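Each chain, letter by letter, is given below.
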Amino acid sequence: MWYWIVMAVLVIGCIALLSGTFFSIKKNKAEEAAKRAEARKKKRKKPADAEEAQQPGDRRKRADGRPQSSQGAENGRQQYAQARREEARRAQAEQRKEQKKRRQWKVILEDLDSWTKYSFIFYSNIRIGMSTAEIDEIVYRFTTEHGGIPAPLNYQGFPKSVCTSLNNEICHGIPDENIMIQDGDIINVDVSTILNGYFSDASRMFKMGNVSERAERLVRVTEECVQRGLAAAKPWGHLGDIADAINTHAQANGYSVVEEIGGHGIGLEFHEDPFVSYVTPKGSEMLLVPGMMFTIEPMINEGSPDFFVDEDNDWTVYTIDDGLSAQIEYMVLVKEDGVEVLTK
């Protein structure tokens, strides 16, 4: 009897011991699980200072649940798109500005072309027996009555509105009431006009009455030189191409080209860069870029290319050997598809 009582007590004690151990282990596991859950919760709930310190490449999550790198990439895309829009707006603004400029230039150039053509109406009034001062009066009156300004007048002290150069005068002849046009003379009339703030420049040769064969030939070859220079002027060519065409033809006919006086850029100023020489080799000098404006105005001498300047007026240029000289001047515009003569 006692045996069975003892065995029952032992069994009950073992069961109690095992139950306590089981529940203790379970409790410990529950506590550990709770701790891990708390840790994960704290990890997800990131403090504000940690958010600020987070770097663009950090893969930890933001409050919105998206990875930091995805947020940065989105910001980058938005900034890039904004930059492209700004660039497009600037490009459109520049394009509109350029179109407006081209329209203005077109109007101005048309005006300059028209005024220069009208200026040469004076030539129908040039006659034997008139003074060169009368030519100056016609130019001044016509130009000012039509809203223009004679560009030479008071330019660096030049006293008249036009240049009139006779026979052995290469250029910059000053009109004078005592200089009379005579039968057999050749004369260059150089008309330059300011209109709406822009400059034009052109000159032509006139043969008065019965000119000599030598004078006739010089004027004809000068015209040919200018035409050859115009034919050689091409966009993306060089100024030297024009010079070579002119100088080659002049020399082939026994003439010389003045070296130290040449053409020039023109537009907002009377004389701008570049200086246009007519004795430089082909392929040299400045590139002819669309939009450039300059003059083609070779001075062709019958003899030596050398000259001297009048000591009294400090303007008129004479041939050194008293030979004849001729000049024709065109103002040209380089375009994408060729060269346009603005002062025909």
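See the structure shown above.
Describing the sheet that holds strand β12 (residues 317-319)
(1) Moving on: Pairing in this open sheet of three strands is antiparallel, and the strands run β3-β12-β11 from one edge to the other. With partners counted over all chains shown, the strands left at the sheet margins are β3 (169-171) and β11 (307-309), one partner each. Strand-to-strand twist across the sheet, computed as the mean angle between neighbouring axes with direction ignored, equals 40°.
(2) Moving on: As paired elements, β3 and β12 share two bridges and run antiparallel to each other. Within β12, the position partnered with E169 by the bridge is Y318.

Remarks on a nonpolar patch on the surface
(1) Moving on: A contiguous nonpolar surface patch, about 350 Å² in accessible area, is contributed by W236, M286, L287 and V289.
(2) Moving on: Looking at the secondary structure, you find W236 in the loop between α5 (213-232) and α6 (239-252).

Examining the layout of surface pockets
Over the atoms, a rolling probe the size of a water molecule traces out where space has been left empty.
(1) Moving on: As a volume, the second largest pocket reaches approximately 420 Å³.
(2) Moving on: Lining the second largest pocket are 26 residues, with Y155, H172, H264, F270 and H271 sitting closest to its centre.
(3) Moving on: Counting only elements with at least two residues in the lining of the second largest pocket, the list comes to β4 (186-195), β7 (263-265) and β8 (272-276).
(4) Moving on: For the lining of the second largest pocket, the leading source of residues is β8, giving four residues.
(5) Moving on: Tallied by class, residues from the lining of the second largest pocket come to 11 nonpolar, eight polar and seven charged.

Notes on the side chain of S131
(1) Moving on: Looking at the secondary structure, you find S131 in the loop between α3 (68-119) and α4 (132-145).
(2) Moving on: Setting aside its immediate chain neighbours within four residues, S131 contacts D176, E177, I179 and M180.

Some details on the packing of aromatic side chains
(1) Moving on: Under the defined criterion, the tally for this structure stands at four aromatic pairs.
(2) Moving on: Consider the rings of F158 and W315, whose centres lie 5.1 Å apart with planes at 90°: the pair is edge-to-face. Residue F158 is found in the loop between β1 (149-150) and β2 (163-166), and its partner W315 is found in the loop between β11 and β12; the two are separated by 157 residues along the sequence.
(3) Moving on: For F158, a relative accessible area of 2% puts it in the buried group.
(4) Moving on: We classify W315 as buried; its relative accessible area is 18%.
(5) Moving on: Aromatic pair F199 and F270: ring centres 5.7 Å apart, planes at 15°, arrangement stacked. In this pair, F199 is assigned in strand β5 (residues 198-207) and F270 in the loop between β7 and β8, connecting sequence segments 71 residues apart. With respect to class, F199 is no different from F270; both count as buried.

Looking at the nonpolar core
(1) Moving on: Among the nonpolar cores identified, the biggest contains 31 residues, and I186, I242, I246, L288, F294, I296 and I300 are the most heavily contacted of them.
(2) Moving on: Sorting the residues of this core by element identifies α5, α6, β9 (293-296) and β14 (330-335) as the ones contributing at least two each.
(3) Moving on: If you tally residues by element for this core, the top one is α5, at seven residues.
(4) Moving on: Counting residues in each nonpolar core, the second largest holds 13 residues, with M130, I135, I181 and V189 among its members.

The rules behind each value
- Residues numbered from 1 in each chain as written.
- Predicted model: local features only at pLDDT ≥ 70, side-chain atom pairs only at ≥ 80, totals over all residues.
- Heavy atoms only, no water.
- Pairing = 2+ DSSP bridges.
- Helix = DSSP H or I, 4+ residues; strand = E, 2+ residues; numbered from the N terminus.
- Axes fitted to C-alpha atoms, helices over the stretch in contact; angles between N-to-C directions.
- Patch = residues over 30% accessible without salt bridge, like charges linked within 9 Å, V, L, I, M, F, W, Y side chains within 5 Å.
- Areas by Shrake-Rupley, 256 points an atom, 1.4 Å probe, with all protein chains shown as cover.
- Salt bridge = Lys/Arg side-chain N within 4 Å of Asp/Glu carboxyl O.
- 1 Å grid on protein atoms, 1.4 Å probe; cavity = no way out; pocket = protein on both sides within 12 Å on 5 of 7 lines; lining within 4 Å.
- Points joined across faces, edges and corners; volume = space filled by probe spheres on them.
- Nonpolar A, V, L, I, M, F, W, Y, C, P; charged D, E, K, R; others polar.
- Contact = heavy atoms within 4.5 Å.
- Phe/Tyr/Trp six-rings, centres within 6.5 Å; stacked < 30°, edge-to-face > 60°.
- Buried < 20%, exposed > 50% of the residue type's maximum accessible area, 1.4 Å probe, protein only.
- Core = buried A, V, L, I, M, F, W, Y, C linked by side-chain atoms within 4.5 Å.

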